[in-house]
Amino acid sequence: MRIVVVGGGYAGVLAANRLAKAVEAEITVVNPRPDFVERVRLHQQVAGTAVAAGPLGSMLRAGIATRVAAAHKVGDGTVTLDDGSTLDFDYALLAVGSTVEPMAGTVPIGSWEGAQRARAALAALPAGAVVAVVGGGATGVETAAEVAAARPDLRVRIVGSPVAATFTGRARRLVRDGLARVGVEVTDDEVVAVDGGDVALASGTGFAADLVLWAIVSGVPELAAASGLDVDADGRVLVDEFLRSTSDERVFAIGDCAGVPGTRFACQSATDQAGHAASALAAMIAGRGPKPYSVRYLARCVTLGRRAAVAQFTHLDDTPRDTALSGRTAAVLKELATRGAKFGARAGFGA
Ligand SMILES: Cc1cc2nc3c(=O)[nH]c(=O)nc-3n(C[C@H](O)[C@H](O)[C@H](O)COP(=O)(O)OP(=O)(O)OC[C@H]3O[C@@H](n4cnc5c(N)ncnc54)[C@H](O)[C@@H]3O)c2cc1C
């Protein structure tokens, strides 16, 4: 039995480790770099408050093979790699995450390479320089706050329409208050162009910035569509209730690249789906009936520097509750969740 896991992020690592415990199989994880990138810490990588990558091998159980390459095609029982070689499989799990599509003139922080560039550019900025963060979602909020808290000598401005849109009611006010507390200027607007440091806004106004960070994660790799798998309008793999591709039952899709209705790009969804798909596959191999997957969210949480955070609790279907935690308690909770995601992936814990 050969199982190929394409993508060595949270979903791929967790699924590979769980399968290694549950089935007798040759398991190979394909990833473009020899490191596991702790993507939820990329804003810290940018601000210099953490190193968000470490050896992929140390995240995987003994016996799991790795291939440092990018997959170009998955189908007909074969994964084709960018070096021209192939890996045959009985089952494959697609876990290639999501992508960034930065506007010209900006540096994306949602990819490892972009975060590395942003870290170097930020470190070179003199006191008084202006940093603009584009994107009012969780990634933008965390990035702006992390940079402002780590570099109080800079002027940091976040632009989103509106900023903290993924929170509601009191939680949104707490996030915006938290940004103000670390000195971030909040602009509710949309960036339409960046030209030589001039940031143009949809309102017709603009401002000058020394560094513009693109903090929006959107889209998924073209691999699934290019492989001829059924995908939704966003390019995410269409899956059945067991997280198998609707066009190829040997291929499962998990994490950001999976088109599971009612889900958003999140570590919570990635680890949950990875655990579920691995258990479903193990059950199928053992001749047992797998259980259908159902979405389960707990909270939306953002850090506001290292000392504060806001967590808004949600119903299982991700609709927000009125309950929110803030300050130190929320920061401790978020740090535990961040460590838990990495630990869970390494241990194969998930749904
Ligand atoms: C700054 C930031 C903060 C975030 N904070 C949070 C948070 O607080 N909570 C939360 O729930 N989510 C958060 N997220 C989102 C979260 O990081 C993602 O939803 C999560 O990483 C998805 O896991 P994944 O395994 O699907 O994808 P990833 O972790 O992105 O892993 C995908 C892997 O596949 C590899 N890959 C891509 N293409 C190929 C290919 N062709 N062949 C082989 N390998 C390939 C990639 O290089 C990568 O290693 C944050 C994201 C960012 C950027």
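Residues numbered from 1 in each chain as written. Predicted model: local features only at pLDDT ≥ 70, side-chain atom pairs only at ≥ 80, totals over all residues. Heavy atoms only, no water.

(A) Here's a closer look at the site of the ligand. Of all residues adjacent to the ligand, which total 32 residues, the nearest are Ala11, Asn31, Ala71, Cys267 and Lys334. Asparagine 31 is positioned such that a nitrogen or oxygen atom in its side chain is 2.8 Å from an oxygen atom of the ligand. Protein coverage of the free-state accessible area of the ligand, which is 1,000 Å², stands at 88%. Contributing elements (two or more residues each) for the shell around the ligand: helix H1 (10–22), strand S2 (26–31), helix H4 (138–150) and helix H7 (267–285). In terms of residues, the shell around the ligand owes the most to one element, H7, which gives 3 residues. Grouping the amino acids of the shell around the ligand by side-chain chemistry returns 17 nonpolar, 10 polar and 5 charged. Shared between two domains, the shell around the ligand takes at least three residues from each, and those domains are domain 1 (2–32 + 69–99 + 219–294) and domain 2 (107–217). (Near = heavy atom within 4 Å. Polar contact = N/O pair within 3.5 Å; in protein donor to acceptor, adjacent residues only side chain to side chain. Areas by Shrake-Rupley, 256 points an atom, 1.4 Å probe, with all protein chains shown as cover. Helix = DSSP H or I, 4+ residues; strand = E, 2+ residues; numbered from the N terminus. Nonpolar A, V, L, I, M, F, W, Y, C, P; charged D, E, K, R; others polar. Domains from an automatic or database assignment.)

(B) The domain arrangement of the chain, seen in detail. In terms of domain boundaries, the chain breaks down into domain 1 (2–32 + 69–99 + 219–294) and domain 2 (107–217). One C-alpha centre belongs to domain 1, the other to domain 2, and the line joining them spans 33 Å.

(C) How the structure looks around the UniProt feature "domain: FAD/NAD(P)-binding" (unreviewed entry) in the chain. UniProt records the feature "domain: FAD/NAD(P)-binding" (unreviewed entry) for residues 1–263 in the present numbering. The annotated region residues 1–263 carries 23% helix and 30% strand content, and the separation between its end C-alpha atoms amounts to 31 Å. (UniProt positions renumbered as here; feature names shortened; annotations may be inferred.)

(D) Highlighting the sheet that holds strand S7 (residues 78–81). Pairing within the open sheet is antiparallel, and its 3 strands lie in the order S6-S7-S8. Each edge of the open sheet carries a strand with a single partner, namely strand S6 (71–75) and strand S8 (86–88). The average angle at which neighbouring strand axes cross in this sheet is 15°, direction not considered. Of the strand pairs in this sheet, S7 and S8 are connected by 3 bridges, and their pairing is antiparallel. Of the residues in S8, the one forming a bridge with threonine 78 is aspartate 88. (Pairing = 2+ DSSP bridges. Axes fitted to C-alpha atoms, helices over the stretch in contact; angles between N-to-C directions.)

(E) Local environment of the nonpolar core. Ranked by internal contacts, the top residues of the largest apolar core, which has 56 residues, are Val74, Val79, Leu93, Leu94 and Ile254. If sequence neighbours within four positions are ignored, leucine 94 has contacts with Val6, Val74, Leu223, Ala224, Leu229, Val237, Phe252, Ala253, Ile254 and Cys257. By size, the runner-up hydrophobic cluster in this structure holds 38 residues, among which are Ala47, Ala148, Val175 and Val184. (Core = buried A, V, L, I, M, F, W, Y, C linked by side-chain atoms within 4.5 Å. Buried < 20%, exposed > 50% of the residue type's maximum accessible area, 1.4 Å probe, protein only. Contact = heavy atoms within 4.5 Å.)

(F) Inspection of the packing of aromatic side chains at higher detail. Within the structure shown, the criterion is met by 2 aromatic pairs. A centroid spacing of 5.3 Å and a plane angle of 85° characterise the contact between tyrosine 10 and phenylalanine 36, whose relative ring orientation is edge-to-face. Within this pair, whereas tyrosine 10 is found in helix H1, its partner phenylalanine 36 is found in strand S3 (residues 35–37), the two being separated by 26 residues in sequence. Tyrosine 10 gets classed as buried once you look at its relative accessible area, which sits at 7%. With centroids separated by 5.9 Å and ring planes inclined at 65°, the aromatic side chains of phenylalanine 343 and phenylalanine 349 adopt a geometry described as edge-to-face. A residue is classified by how much of its surface remains accessible, and phenylalanine 343, at 47% relative accessible area, is partly exposed. Directly above the aromatic system of phenylalanine 207 lies the positively charged group of arginine 157, at a separation of 3.9 Å from the ring centroid. (Phe/Tyr/Trp six-rings, centres within 6.5 Å; stacked < 30°, edge-to-face > 60°. Lys NZ or Arg CZ within 6 Å of the ring centre and 35° of its normal.)

(G) Local environment of H1. For H1, which comprises 13 residues, the first-to-last C-alpha distance of 18 Å matches the rise-based estimate of 18 Å (1.5 Å per residue) to within 8%. The buried fraction of H1 amounts to 10 of the 13 residues, a majority that puts the element mostly inside the structure. Buried-residue contacts for H1 involve strand S1 (2–6), S2, S3, strand S9 (91–94), H7 and helix H8 (327–347). (Expected span 1.5 Å × (residues − 1).)

(H) Broad picture of the pairing of S9. Along S9, one buried face is formed by Tyr91 and Leu93 and the opposite face, lined by Ala92 and Leu94, is buried too. Bridge analysis of S1 against S9 gives 4 bridges, and the strand direction is parallel. Residue valine 5 lies in a different strand from S9, and its bridge partner there is leucine 93. In terms of strand pairing, S9 meets strand S19 (residues 251–253) through 3 bridges, oriented parallel. Across the sheet, leucine 93 pairs through a bridge with phenylalanine 252, a residue of S19.

(I) The arrangement of the pattern of salt bridges in detail. Per the stated rule, a full pass over the model turns up 21 salt bridges. Between lysine 342 and glutamate 38 there is a salt bridge, and its shortest N-O distance comes to 4.0 Å. Of this pair, lysine 342 sits in helix H8 while glutamate 38 is found in the loop between S3 and helix H2 (42–47), placing the two residues 304 residues apart along the sequence. For glutamate 38, a relative accessible area of 7% gives the class buried. Among the ionic contacts, a cluster of salt bridges with common partners joins Glu38, Arg41, Glu146, Arg306, Glu335, Arg339 and Lys342. (Salt bridge = Lys/Arg side-chain N within 4 Å of Asp/Glu carboxyl O.)

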